[in-house]
Amino acid sequence: MSAAVLSLLEDAASNVQQRPQDDIEREVLAQFQQLWEATQAGQGCIQQQIPQLLRPAPQPGSIKALVQEQAITQQQQLQARQQLDDAALQELELMLEEAAVMGLGPGVDPGEPRINYDLFTQVASEAAARPGPAVSALFSAATFLKFERDAAGAISLPLLQQYLARRVANARLRLQLAAYDEAGTGMLDVQQLQRYLASAVASAPLLACVEPSFLPNYLQIASRKLLLFHGRHSRQQRRSPNTSSSSGGLVVRLGELVNSPVMAELQEMLLLGPGAEQERDLYNNWFSLQSAQRVLATFTSWDLDGSGTLSKQEFSAISQGAMTELFISRVFEEHVAPQRGAAWPPQRPQKQQQQQHPPSPSSSSPSKLGSLPSINARNGAGGSNSSAAGSPPPPYSSSYGAGGGGSSTGPPMSPSQLSSAAATAGTGGSSSIGPAAGASSPPQRSWPPPLPPNAAGPRDEMDLLAFADFVLAWDHRNHPAAVGYFFKIFDIQHKGYLTLADLYTFFREVHGLWVAMGEYADLDVYDVLDEVMDMVKPAVPGRITKADLASCKVAGTVFSILANVDQFYQYNYRESFMQQDAEDGA
């Protein structure tokens, strides 16, 4: 029945004759005149007709769903036919080069080709006849006004060509993404986004070698960056006709993805050819195979009991106890607890061999695993680290964090002194990497963990997705999405702003670790907090909002000082480190 109806609709659509625009306008005007006269006569008053505010999504398999799906498909096919191919784009660039003139006048490079608006419109008229009408949207007055004009009213031709190429590429990318938006909502949910990534991986030269067993982990890790930076919660349940998964959770808008630097990073990875791994460091690209393997290897190497999740103690060991217990607890409270009603207990993954401590650098090659700069974070906001994943670096390095204004001066302790002091510190979590020689193995946690009384699921076990979110947020602490991620952590009472008391609550534990390391105990805590306030410069004195942190450009430094004693050490002695780096460079 459905197939027959669909066939009739296709035949009717193919036999529709194109009507002149004037006839359509006359018909619309006549219908409007008829409605207006009826309204004036009091018949069928428009004000009495209450519109339908909510139109529920069609049921999967219904005629309405089939018609909607067919309409969306035809619209996408029409848009695809209107796109410029590579040959048409090259022809268009050649036409622009032929019409351009060399720059004249003050402040203009005489060797740079430029084009004025008259020549711009002439090329638009010629291009509409040669490559086709698809170029008409590219050659508008608004497009010309996007560029800086010289005294003669001309714009730079190379910049115009780059803009046209980028706009055509974005239109193609949007069509590719829209193919996975079956309901035509203009958004992709998690499953649809991962399906797009799976198809992109199959066609990418450097990602086609992903093993099928690792592909689900890669899709989860890769999609987290897009979801963290551009994800939002949908206000209503949107159910695709061909999928049983609801997209009422996290969704991403196609318009944001197309113009996103994160999507540009993904496209760069997809276009790299064989041999690029020898020419550049692919660990810095989140979507590379090496980066995904590094994240998963770090996560599994610190999962001491093989439960597939990280406890607070295991998570604290990654930073060697540099992160405070309060900060870690708040991370788990805000970003680790599963949704209410989630299936519990989770399935425990099978592990071939129970590891009692993370692998040493000799067992994991740095070229295979790399490092996680966002976890050991001793190089400032988003700094890089050179140690292998699963083998934490020395307690301190010679690099320094970003920030301004120190709270104290003086020579820092030597790395050996700091290492011995950190090893004996008993505050803020264990600083040991694994069980010491001759020490007993860490106690094995029971499986499954006990269910909390509120039936919300465990709040002390971090899965791979939550771990990837933390890595991304810590590695991009100045990004607006990361600011929102960490602001929830520090806003304990959910007031919407941070006061001096909130800052003191977190820095008090950092100060405890600072003293336990052997540093001077007379550090004035309030001087440090005053520096934080001076760096942020909140709009309302004494109240730091999320908007204040996003606009101050030093949110990463603020978060580091309040959460990690290593980062505060780098900040406090930054002038000494800068002088040392200058001497080494000389």
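Residues numbered from 1 in each chain as written. Predicted model: local features only at pLDDT ≥ 70, side-chain atom pairs only at ≥ 80, totals over all residues. Heavy atoms only, no water.

The name given to the chain in an unreviewed UniProt entry is EF-hand domain-containing protein, with the source organism recorded as Tetradesmus obliquus. As stated in UniProt under Subcellular location (unreviewed entry), the record for the chain gives "Cytoplasm". (UniProt positions renumbered as here; feature names shortened; annotations may be inferred.)

A. Geometry of the nonpolar core. F315, F327, F486 and F507 are the most contacted members of the largest nonpolar core, which totals 103 residues. Looking at this core element by element, the count peaks at nine residues for helix α19 (residues 464–475). Discounting residues that sit within four places of it in the chain, F315 has contacts with L310, M323, I328, F332, M462, F467 and F470. One finds I115, F120, F147 and Y163 within the second-largest nonpolar core, a separate group that totals 24 residues. (Core = buried A, V, L, I, M, F, W, Y, C linked by side-chain atoms within 4.5 Å. Buried < 20%, exposed > 50% of the residue type's maximum accessible area, 1.4 Å probe, protein only. Helix = DSSP H or I, 4+ residues; strand = E, 2+ residues; numbered from the N terminus. Contact = heavy atoms within 4.5 Å.)

B. Representation of the environment of L513 in the model. If you trace the backbone, L513 turns up in helix α21 (residues 500–516). Taking the C-alpha atoms as reference points, L513 and D566, 53 residues apart in sequence, are found 9.5 Å from one another.

C. Here's a closer look at the sheet that holds strand β4 (residues 187–189). Strand order in this open sheet of three strands is β4-β6-β5, and the pairing throughout is antiparallel. With one partner strand each, in any of the chains shown, β4 and β5 (232–233) form the two edges of the open sheet. Here two bridges tie β5 to strand β6 (residues 250–253), and the two strands are oriented antiparallel to one another. Opposite R232, over in β6, you have V251 as the bridge partner. On top of the sheet, helix α8 (residues 190–203) reaches β4 and β6; it is set at about 90° to β4, its chief contact. (Pairing = 2+ DSSP bridges. Axes fitted to C-alpha atoms, helices over the stretch in contact; angles between N-to-C directions.)

D. Representation of the sheet that holds strand β2 (residues 113–115). The antiparallel open sheet is built from three strands, whose spatial order is β1-β2-β3. Looking at which strands have only one partner, the edges of the open sheet turn out to be β1 (101–102) and β3 (155–156). Direction of pairing for β2 relative to β3: antiparallel, over a ladder of two bridges. Of the residues in β3, the one forming a bridge with I115 is I155.

E. Just a negative patch on the surface, in detail. Residues D522, D524, D527, D530 and D534 make up a contiguous surface patch of negative charge. When you line up the elements, D524 lands in the loop between α21 and α22 (525–536). Accessibility expressed as a relative area gives 37% for D524, which makes it partly exposed. (Patch = residues over 30% accessible without salt bridge, like charges linked within 9 Å, V, L, I, M, F, W, Y side chains within 5 Å. Areas by Shrake-Rupley, 256 points an atom, 1.4 Å probe, with all protein chains shown as cover. Salt bridge = Lys/Arg side-chain N within 4 Å of Asp/Glu carboxyl O. Lys, Arg positive; Asp, Glu negative; His and termini not counted. Charge placed at Lys NZ, Arg CZ, Asp CG, Glu CD.)

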